[in-house]
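# Tertiary structure, described
The primary structure of each chain is shown beneath.
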Amino acid sequence: MIQSIRILFIVTCMIFGLFSCNKPERKSESVQATAVDKLPYDDAPFGGKIERSYKESEMEWPRLPSPPAGAPNVIVILLDDVGFGMTGTFGGSVPTPRLDGLAQQGISYNRFHTTAICGPSRAALLTGRNHHVSGNGFLAEWATGFPSYNTMMKKSTATIGAVLKDNGVNTSWFGKNHNTPDWETSPVGPFDRWPTGMGFNYFYGFNAGETNQYYPILFENTRPVEPAKTPEEGYHFMTDMTDRAISYLELQKSIAPDKPVFMYFAPGAAHAPHQPPKEWRDKFKGKFDHGWDKEREIVFERQKKMGIIPAEAVLPARNPNVPLWDTCSVESKKFYALLYENFAGYLAFADHEVGRLLDAIKELPDADNTLVLYIVGDNGASSEGGLDGTVNEIKSLSGIPSTMKENLARASEIGGPKSEPHFPIGWAFAANTPFPWVKQVASHFGGSRNPMVVSWPKVIKHDGVMRSQFLHLIDVVPTILDVMQIKMPEYVDGVKQIPLQGKSFRATFTDPKAPEIRTTQYFEVFANRAIYNNGWVAAHQHTLPWRQDVAPGFENEKWELYNIDKDFCEATDVAAQNPEKLKELQALWEEEAKKYDVFPLDDRGAARLVVPKPSPLGDRTKFSFYEGATRIPETAAPNTKNRSWSMEAIVTTDKKHKDGVINAMGGISAGYVLYVRNGIPTFVYNYFETEVTTIKSRKPLPDKQASVKLDFKYDGGGVGKGGTFTLYINNEKVGEGKVSKTVAGRFGLDTFGVGEDDGSPVTHSYRTPFKFQGSIEELNIELGSIGK
């Protein structure tokens, strides 16, 4: 029967001229971007023939863009917050066998540089321009209303995704996106600065500086999605995103095996919260009991033996801000070692998962023509865990310390779903061996120098020679365009482009002694400044990452000078011996800063967090939400902090369907939730897990329609003060509770939701999402004046 239908269809088509045996349609060639100065391309002219009827006419299908023949697949892998001296591949104490394997197949670089902080590094990587030029002088949470610091990626600095997509390459982005301003990450957008709006056909990941690995805030393209499993069922985001990336590659090559793909694979690892599966945590028990001072010495000697650094290199003096390990108490040492054991498990686990992606790449039909650029960190190791480390990172970042007794009481939770840990600053300095300083401190290589490994079997033959050319993230885009033989256009989407500021380092793939492409490069983050020029570095260290409350000002600044051709590790300051050279480089920094839009300098830390940002809420104080309003970022939700406020929900239930979350904001780090359990309305305010206030109704929720109201009277007198919560059912007072303090800044990583608690739970009294069983007609929130 089916065969008969097929024959009838073919005969019918031939009768009506749908198929032509003697008039084949013209074949159209693909469009290639070798001599066109704008993207996307104009519509291709029709090359067929149009007469009065189709019988005399000749068809031709539109010509579609495609990359030049032989263009490789390109996979860019970028780890997060990994110091130069962390991975075993580069002399560190955390075994990274999968990175080892890639290095043994390809080539390694030991003078590759980032900006020293994540969002700006990623902007430089994706655009090929310096981070200030694209508007990413620092992070969105600290954004200010200046062109170089608003974090609103400029249309004049199009990404590699946009250029490749318009040239017929399928582009994808997995993992971390910290290049969309957080006030633009709500369901109302705008979406032109989301990955899919910046040239990536597909995105699966999170829009923030970090995420909880067990309860990630996930998006597929622009749609919020939830993990398919719970942490108890074995869910972990690193595994999830790797699975998705592998499936994406396999699907692309199943359908179009000859079509090159571009993938940007950016795990949240190894950024805090450090959350490896338990079996990975346990691998490192007792491995770091010797402490961070000894660890630094061990790594330094190992790096020399491996040839990672010159044999004559000198280890810089230890930083006086770091406590001597031998002076720490026994209980402190136990906690500090535990935190780094946990981190080591996280990094080792990340290596394992990246290895699964590398295995999938090896199975591609064109595996030998696949360029892998593996950048081991977007900056140096982070000191944002503070002097003592923490099991609640958001609490620590908010400047609220925990006692050692509190920390050790939660030792068994470290790395698991109930913790968001970060190690203390001593480990960060050790992890950046052999260089001084840490993440954020762009003045020194501990903040800005990261290893890189490159593999391309068709072109690169392993020769065992370390590449030591001075390179920067802005050089990656020009290199990708070079190997794909694609020109950077003058216009993208009608906007004139700022020229690329990087240069291709393709020559180093086959020549370890290829000439230097970069003789000058400036650095700046939080007024930490440096300038590299022809083997010399002038540096001014300005702010301390773990002291966001201190803005040093710009008087009496001290600059240092290093001859890094002779002093690989920045160990010896020679400013006193070379005052004229220092002045020369200071003047050069000023020139480069003007050229690349660095000004105005701003060393405010926490003070920039409270600078008013654009918001889809405007200045409204009254809000109505409806069931299904979920995954709304904190910056696009009603700001209930430092003021009086009220919330009323109109709900409808019956005897068997009453339980669930009415409204939740935040998660395990801090937040609030109004929910019903066993028919009893309950409100919980979680102040960084230190003070958790629970107010239960004295009466059950009645059947049918009812009003559940919460009223908060703020004590006033400053920020983060206490107040009184009162709970009502149908305007009858049913509960009350006093809190001594409230969250002044950010609740953390999690979001606002109506009818469910997505992400990590505000309280462990239920399992997320704990969807409301009844219906919520509306949820109304009204805000009082700030400070009252």
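Reference entry: report on the structure contained in this document. Just so it is clear, the structure is predicted and the values come from calculations on it, not from any experiment.

### With respect to the side chain of T751
Counting through the fold element by element, T751 comes out in the loop between strand 26 (732-741) and strand 27 (752-754). Judged by relative accessible area, which is 7%, T751 ranks as buried. Once you skip the residues sitting within four places of it in the chain, T751 turns out to touch I217, R631, I632, P633, A664, M665 and G666.

### Details of unusual backbone geometry
A cis geometry characterises the amide bond from L39 onward to P40, with omega recorded as -10°. A272 connects to P273 through a cis peptide bond whose omega is 0°. You can see P273 is positioned in the loop between strand 8 (261-266) and helix 6 (278-281). Positioned with a positive phi, N221 is a non-glycine residue whose angle comes to about 60°. As for its position among the elements, N221 is in the loop between strand 6 (218-220) and strand 7 (223-225). When its relative accessible area of 25% is taken as the criterion, N221 is described as partly exposed. The phi dihedral of N731 falls on the positive side, at around 65°, and the residue is not glycine. Residue placement: N731 occurs in the loop between strand 25 (721-729) and strand 26.

### Topic: the pattern of salt bridges
Tallying each qualifying case throughout the model produces 42 salt bridges. Between K176 and D80 there is a salt bridge, with its nearest N and O atoms 2.7 Å apart. In this pair, K176 sits in strand 4 (residues 170-176) while D80 sits in the loop between strand 2 (73-78) and helix 2 (97-105), placing the two residues 96 residues apart along the sequence. Each member of the pair, K176 as well as D80, carries the same accessibility label: buried. For D366, the salt bridge identified is with K253, shortest N-O distance 2.8 Å. Separated by 113 residues along the polypeptide, D366 in the loop between helix 8 (330-362) and strand 9 (370-375) and K253 in helix 5 (residues 237-255) bring together distant segments of the chain. Considered together, D366 and K253 belong to a single accessibility category, that of buried residues. Each of D80, R122, K176 and D378 takes part in one network of salt bridges that share partners.

### Things to note about the nonpolar core
Counting residues in each nonpolar core, the largest one holds 99 residues, and the members touching the most others are I77, M86, F174, M263, F265, L357 and Y374. Once you skip the residues sitting within four places of it in the chain, L357 turns out to touch I77, T242, A245, I246, L249, M263 and F265. A71, M153, L164 and V477 belong to the second-largest nonpolar core, a separate cluster that totals 49 residues.

### Observations regarding the sheet that holds strand 3 (residues 107-113)
Pairing is mixed in the open sheet, where 10 strands are placed in the order 7-6-5-4-8-2-9-10-3-11. Of all the strands in the sheet, just strand 7 and strand 11 (471-472) have a single pairing partner and so form its edges. Direction of pairing for strand 6 relative to strand 7: antiparallel, over a ladder of three bridges. Counted as the bridge partner of E220 is R223 from strand 7. Packed on one face of the sheet, helix 2 meets strand 3, strand 9 and strand 10 (449-455) and runs near 60° to strand 10. Sheet strands touched by helix 13 (residues 476-484): strand 2, strand 3, strand 8, strand 9 and strand 11. Its angle to strand 9, the strand with the most contacts, is close to 170°.

### Overview of the pairing of strand 16 (residues 536-540)
For strand 16, the buried fraction is high: five of the five residues fall into the buried class. Residues W536, A538 and H540 line one face of strand 16 and the alternating positions V537 and A539 line the opposite face, and both faces are buried. Strand direction decides the pairing type here: strand 15 (residues 528-533) and strand 16, joined by five bridges, are antiparallel. Opposite A530, over in strand 16, you have A539 as the bridge partner. Linking strand 15 to strand 16, which pair antiparallel, is a turn of two residues; within it N534 sits at a positive phi near 45°. Where strand 16 and strand 17 (residues 560-563) come together, four bridges link them in antiparallel fashion. What sits directly across from V537, in strand 17, is Y562.

Rules of the game
- Residues numbered from 1 in each chain as written.
- Predicted model: local features only at pLDDT ≥ 70, side-chain atom pairs only at ≥ 80, totals over all residues.
- Heavy atoms only, no water.
- Helix = DSSP H or I, 4+ residues; strand = E, 2+ residues; numbered from the N terminus.
- Buried < 20%, exposed > 50% of the residue type's maximum accessible area, 1.4 Å probe, protein only.
- Contact = heavy atoms within 4.5 Å.
- Salt bridge = Lys/Arg side-chain N within 4 Å of Asp/Glu carboxyl O.
- Core = buried A, V, L, I, M, F, W, Y, C linked by side-chain atoms within 4.5 Å.
- Pairing = 2+ DSSP bridges.
- Axes fitted to C-alpha atoms, helices over the stretch in contact; angles between N-to-C directions.

Any link to function would need more than the numbers given here.
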